Amino acid sequence: MSKQSTDPAWKDSLREFKGPPLTDDVTCDVCVVGAGIAGLTTAYLLAQEGMNVVVVDANASPGGGETRFTTAHLSSAIDDRFAEVIRVRGKDAARLAYESHSAAIDRIGDICRAAGIECGYRRVDGHLFPAPGDVKTIEDEYDAAMAIGCDVRRLERVPAAELGPGPCLQFRNQGTFEPSRYTAGLWAAAARKGVRFFGKTRARDVDGGSPVAVRTDRGGTVHAGAVVVATNTPVHTRFAMHMKIAPYMTYAIAGPVPRGSVPDALFWDTADPYHYIRLISATEQPGLETELLVVGGADHRAGQESDPVRRWDDLESWTRGRFPRFGEIWYQWSGMVMETLDGLAYIGVDPTGEENVYLATGDSGMGMTHGTIAGILLTDLIRGRANPWAELYSPSRLPIRAAGEYASEGANTAAQYKDWFTGGDVKSVDEIKPGTGAVVRRGLTKLAVYRDDSGAVQIRSAVCPHLGCIVHWNRAERTWDCPCHGSRFRATGEVIHGPSTADLARNDS
């Protein structure tokens, strides 16, 4: 598990599986860096075609990264909405986006059947409903969805009356599942086909060529015909991709509701940030005696919220205002979302020109389907086959009509460097309470100081090793978060999320 103080509703189905670290050199056809849904799907599909695949991941077991922190909506309705995709990329691109996400939902069902994965996979309808006073967005999105041939209906009322009077859009044949059980089954199926997994192994460098070399922190190197970097955010590029993706934190809560009181469907609204809702039933978690309502949202740029705990409070207040029978919160968690300029992932050939290097990043809130699309598309590219989605998801793209978003996110990132010239969060280490952290200025530098529950103090540099931003303390998860590009570190300084591949530097003075 990547975080210390919260845990999602999903069980960690692979907790007991421990892949050995990579301490020796190995050779394979394809090395996949990252064992989330994108990496595991890619490995499985390549192995199906007889390729020798090695997967390396910084976590001890597969599926231990951001995939566990999803709310597992399987949707072909784009989070940023079809009207926006049409504005930025055109109708053909929006149609391909709809078709590719629909194909991903289908492929997940196919994999479940072929590999015998019991994860509660099921088809449900999805519903976009208006935030108060925002009916126009519903009308515009209906027109856009109809223009690209989407299977959508306009309903006068929301099927869950608690969410407002409507109108709403109903997208047919969406889906959901239990993500940890799915990734566990996906890994088991991949392993049966010969895929090898090395855990607690962080990729440090990726050298393109023929063969590619993936150098790791454990001393071993993978020599491969191709490499896929599927680490949520790329760890092998310093600038090229990080100027086009923006890290956001998203939050979720889950608690019991009376069985049958909320429709088994997906719901999301037009608010900014928006809310998203689904149920967990006994089909996903056998033995569950009630149903759990999952509500997510309250997104913000990573590392740029002074009190992230209040985001859970906001979700609880919003939920109880609409679902008075919502019980005690059983689970609360957060996850990292990498937003792109047009709401579509970057999947394909590495844009820096490194030979035989491929990547998947920019889930844009649709990680389960984007991750599955990555497996399908990258398998085709590596095998030399044409794929109709290649241009749509090309990592080299920079849509002209998204120039405003590009400038805005870039300005936000640049503004974070002002932290070099400000004071610390507190004036003295003595002010830091047990179980908390704070940035302290000492001379010309800044320190990330954490006092553990026993009172012992650990001091690290507050400078993110990636590109030098000053990290911020996240009291909700007890992590240090970089406000520029989303690197995250444990309270004690160890890196848990890229793009940084190094820990916060020690400072024992």
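Heads up: the structure comes first, above all this text.
Because the structure is predicted, anything quoted here is derived from the model rather than measured. (Residues numbered from 1 in each chain as written. Predicted model: local features only at pLDDT ≥ 70, side-chain atom pairs only at ≥ 80, totals over all residues. Heavy atoms only, no water.)

On the basis of which strands lie adjacent, the open sheet formed by three strands has the order E18-E19-E20 and antiparallel pairing. Edge strands, defined here as strands with exactly one partner in the open sheet, are strand E18 (436-442) and strand E20 (457-461). On average, adjacent strands in this sheet sit at an angle of 25 degrees to one another, irrespective of strand direction. With five bridges connecting them, strand E19 (residues 445-451) and E20 associate as antiparallel partners. Following the sheet pairing, Arg451 is matched in E20 by Val457. (Pairing = 2+ DSSP bridges. Helix = DSSP H or I, 4+ residues; strand = E, 2+ residues; numbered from the N terminus. Axes fitted to C-alpha atoms, helices over the stretch in contact; angles between N-to-C directions.)

This next bit is on unusual backbone geometry. With the exception of glycine, most residues fall at negative phi, and the peptide bonds are largely trans. Each neighbour pair has its own omega, and for Ser210 with Pro211 the value is 10 degrees, a cis peptide bond. Mapped onto the elements of the fold, Pro211 is located in the loop between strand E8 (203-207) and strand E9 (212-216). Note the cis peptide between Asp272 and Pro273, where omega equals 0 degrees. By secondary structure assignment, the location of Pro273 is in the loop between strand E12 (266-269) and strand E13 (276-280). Even without being glycine, Arg478 reaches a positive phi, approximately 55 degrees. Checked against the element boundaries, Arg478 lands in the loop between strand E21 (472-474) and strand E22 (479-481).

Turning next to the packing of helix H3 (residues 91-115) against helix H7 (residues 367-382). When two helices pack together, their arrangement is given by the angle between their axes and by how far apart the axes lie. Look at H3 against H7: their axes get within 8 Å of each other, and the N-to-C directions meet at 85 degrees. Between H3 and H7, the angle is such that the two are roughly perpendicular. Facing Ser100, His101, Ala104, Ile105, Arg107 and Ile108 of H3, the residues of H7 in contact are Met368, Thr369, His370, Thr372, Ile373 and Ile376. (Parallel < 35°, antiparallel > 145°, perpendicular 65-115°, else oblique. Contact = heavy atoms within 4.5 Å.)

A few words now on a positive patch on the surface. Residues Arg15, Lys18, Lys200 and Arg218 make up a contiguous surface patch of positive charge. Note that Lys200 resides in the loop between strand E7 (196-198) and E8. (Patch = residues over 30% accessible without salt bridge, like charges linked within 9 Å, V, L, I, M, F, W, Y side chains within 5 Å. Areas by Shrake-Rupley, 256 points an atom, 1.4 Å probe, with all protein chains shown as cover. Salt bridge = Lys/Arg side-chain N within 4 Å of Asp/Glu carboxyl O. Lys, Arg positive; Asp, Glu negative; His and termini not counted. Charge placed at Lys NZ, Arg CZ, Asp CG, Glu CD.)

Bringing the nonpolar core into the picture now. In terms of nonpolar packing, the biggest core is built from 88 residues, with Phe82, Phe171, Phe177, Tyr182, Trp333, Ile347 and Tyr393 touching the most fellow members. No other element matches H3, which puts eleven residues into this core. The contacts of Ile347, once residues within four sequence positions are left out, are Leu359, Ala360, His370, Ile373, Ala374, Leu377, Leu378, Tyr393, Ser394 and Pro395. By size, the runner-up hydrophobic cluster in this structure holds 50 residues, among which are Phe129, Ile253, Trp318 and Leu359. (Core = buried A, V, L, I, M, F, W, Y, C linked by side-chain atoms within 4.5 Å. Buried < 20%, exposed > 50% of the residue type's maximum accessible area, 1.4 Å probe, protein only.)

What follows concerns the side chain of Ser500. Turning to its location among the elements, Ser500 is positioned in the segment after strand E24 (495-497). Leaving out residues up to four positions away in the same chain, Ser500 has contacts with Arg202, Cys464, Pro465, His466, Ser487, Phe489 and Val495.

Right, let's get into empty space enclosed by the protein. Under the counting rule described, the total for this entry stands at one cavity of 30 Å³ or more. The space that makes up the largest cavity amounts to roughly 60 Å³. Taken together, Met249, Tyr251, His300, Gly303, Gln304, Glu305, Pro308, His472, Trp473, Asn474 and Asp481 make up the full set of residues lining the largest cavity. At the level of secondary structure, the elements contributing two or more residues to the lining of the largest cavity comprise strand E11 (246-257) and E21. Here the lining of the largest cavity takes three residues from E21, the largest share from any one element. Residues belonging to the lining of the largest cavity are distributed by class as follows: four nonpolar, five polar and two charged. (1 Å grid on protein atoms, 1.4 Å probe; cavity = no way out; pocket = protein on both sides within 12 Å on 5 of 7 lines; lining within 4 Å. Points joined across faces, edges and corners; volume = space filled by probe spheres on them. Nonpolar A, V, L, I, M, F, W, Y, C, P; charged D, E, K, R; others polar.)

Take the pairing of strand E2 (residues 53-56) next. What you see with E2 is no split at all: Val53 and Val55 on one side and Val54 and Val56 on the other are buried throughout. The sheet contact formed by strand E1 (residues 26-33) and E2 spans four bridges and is parallel. Counterpart to Val30 in the pairing with E2 is Val53. Crossover E1 to E2 through helix H1 (residues 37-48) is right-handed. Alignment of E2 against E7, held across three bridges, turns out to be parallel. When the sheet's bridge partners are listed, Val54 is paired in E7 with Arg196. (Right-handed = clockwise from strand over helix to strand, strands pointing away.)

With 16 residues, H7 extends 21 Å from end C-alpha to end C-alpha; this agrees with the ideal 22 Å at 1.5 Å per step. A large share of H7 lies buried, amounting to 15 of its 16 residues. Downstream of H7 by a residue or two, Gly384 has a phi angle that is positive, lying close to 80 degrees. (Expected span 1.5 Å × (residues − 1).)

Our focus in this paragraph is helix H2 (residues 82-89). Taken together, the buried positions of H2 are Phe82, Val85, Ile86 and Val88. Turning to H2, the residues buried within the fold contact H3, helix H4 (135-147) and strand E6 (168-176). Downstream of H2 by one or two residues, Gly90 has phi in the positive range, about 100 degrees.

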